Amino acid sequence: QDNLKRMLAYSTVSQLSYIVLAAMLASAAGALGGALHIASHAFGKITLFFCAGAIYVAAGKTEISQLRGIGRKMPWTMAAFTVGAISIIGLPPTGGFVSKWFILLGAVQEREFIVLLVLVVSTLLSAGYLLPVIYTAFFQAPINNSTQQHGEAPLPILIALGASVALTFAMFFY
């Protein structure tokens, strides 16, 4: 999917499936993981959607293929996108890691090893669709188009991004 917001919306289906999977474990750790995943997904995904909005407001871009090198002109926005992405993937130090950890713990406690396999495969798939966006933004050369001069999004948008990033990190430490 080349449309950034559409790709993020599609990925919500898999993330919400973690919550159902955690509840189906019928264990304390699974229930805690599912409940935490509701919040961690909300903070991580709203960060990603805020970033998509910031990119549209500042640069008028909606497609992932248009984001080549945008991390050089919008470093704060793309850094926030990176934090949201690592939370959705489930890496520390973000809330997504904590919620997936408890789902994983519940699966081990209940000896549901197929759930472990599902968690590993879906985590790799999440990395597979989110990390290329980060790579495109930071490590690919910008499309040579001198008529597209832009910088970061307006300050109120950056403040909202900062708040959602802070909440994503706070879930890990709290």
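Next up on the list: the overall build of the protein. Tallying secondary structure elements over the protein gives seven helices and zero strands in all. Across the protein, helices and strands are ordered from the amino to the carboxyl terminus as α-α-α-α-α-α-α. Relative to its length of 174 residues, the protein is compact, with a C-alpha radius of gyration of 17 Å against a globular reference of 16 Å. Oriented by its inertia axes, the alpha-carbon framework of the protein measures out at about 60 × 30 × 20 Å. Here the protein, with 174 residues, has 43% of them falling under the buried criterion.

A contiguous nonpolar surface patch, about 460 Å² in accessible area, is contributed by Ile114, Leu117, Val118, Val121 and Leu125. With respect to the helices and strands, the residue Ile114 is situated in helix α6 (residues 113-139). The class of Ile114 is exposed, set by a relative accessible area of 54%.

The next point concerns the confidence of the model for the protein. Residues at a pLDDT of 70 or more form 97% of the protein, whose mean pLDDT is 93. Summarising per-element confidence for the protein, the mean pLDDT is lowest in helix α1 (residues 4-24) (93) and highest in helix α4 (residues 75-89) (97).

Our focus in this paragraph is the packing of aromatic side chains. Within the structure shown, the criterion is met by five aromatic pairs. An aromatic cluster is built from Phe97, Trp101, Phe172 and Phe173, whose rings are joined through pairwise contacts.

The subject of this paragraph is the layout of surface pockets. Taken as a whole, the second largest pocket spans an internal volume of roughly 180 Å³. Lining the second largest pocket are Ile89, Gly90, Phe97, Lys100, Trp101, Leu104, Leu119, Val120, Thr123 and Leu124.

Conventions used here
- For every chain, the first residue of the written sequence is number 1, and numbering continues from 1 along that sequence.
- Residue-level local features of this predicted model are given only where pLDDT is at least 70; pairs of side-chain atoms are given and counted only at 80 or more, and the full residue set underlies all totals for whole chains, interfaces and linings.
- With hydrogens and water excluded, all non-hydrogen atoms of the structure serve as input to the side-chain values.
- Put simply, DSSP marks the helices as runs of H or I at least four residues long and the strands as runs of E at least two long, and each gets a number from the N terminus on.
- Radius of gyration means the value over C-alpha atoms here, while the globule rule gives 2.2 Å times the residue count to the 0.38 power.
- The classification of residues rests on relative accessible area computed with a 1.4 Å probe and restricted to protein chains. Under 20% of the type maximum is buried, over 50% is exposed, and intermediate values are partly exposed.
- Patch membership needs two things, relative accessible area over 30% and no salt bridge, and members are linked within 9 Å if like-charged or within 5 Å if nonpolar (Val, Leu, Ile, Met, Phe, Trp, Tyr).
- Using the Shrake-Rupley algorithm and a 1.4 Å probe, accessible areas are obtained, with residue cover drawn only from the displayed protein chains.
- Salt bridges, as used here, are contacts in which a Lys or Arg side-chain nitrogen is within 4 Å of a carboxyl oxygen on Asp or Glu.
- Confidence of the prediction at every residue is given by pLDDT, a number between 0 and 100.
- Pairing of aromatic side chains requires ring centres within 6.5 Å, counting the rings of Phe and Tyr and the six-membered ring of Trp. Pairs whose planes differ by under 30 degrees are stacked, by over 60 edge-to-face, and all others tilted.
- Buriedness of a pocket was judged along seven lines, with at least five required to meet protein on both sides within 12 Å; pockets are open sets of points on a 1 Å grid over the protein atoms alone, cavities are sets where a 1.4 Å probe fits but cannot get out, and lining residues have an atom within 4 Å of a point.
- Grid points are joined across faces, edges and corners, and a volume is the space filled by probe spheres set on the points.

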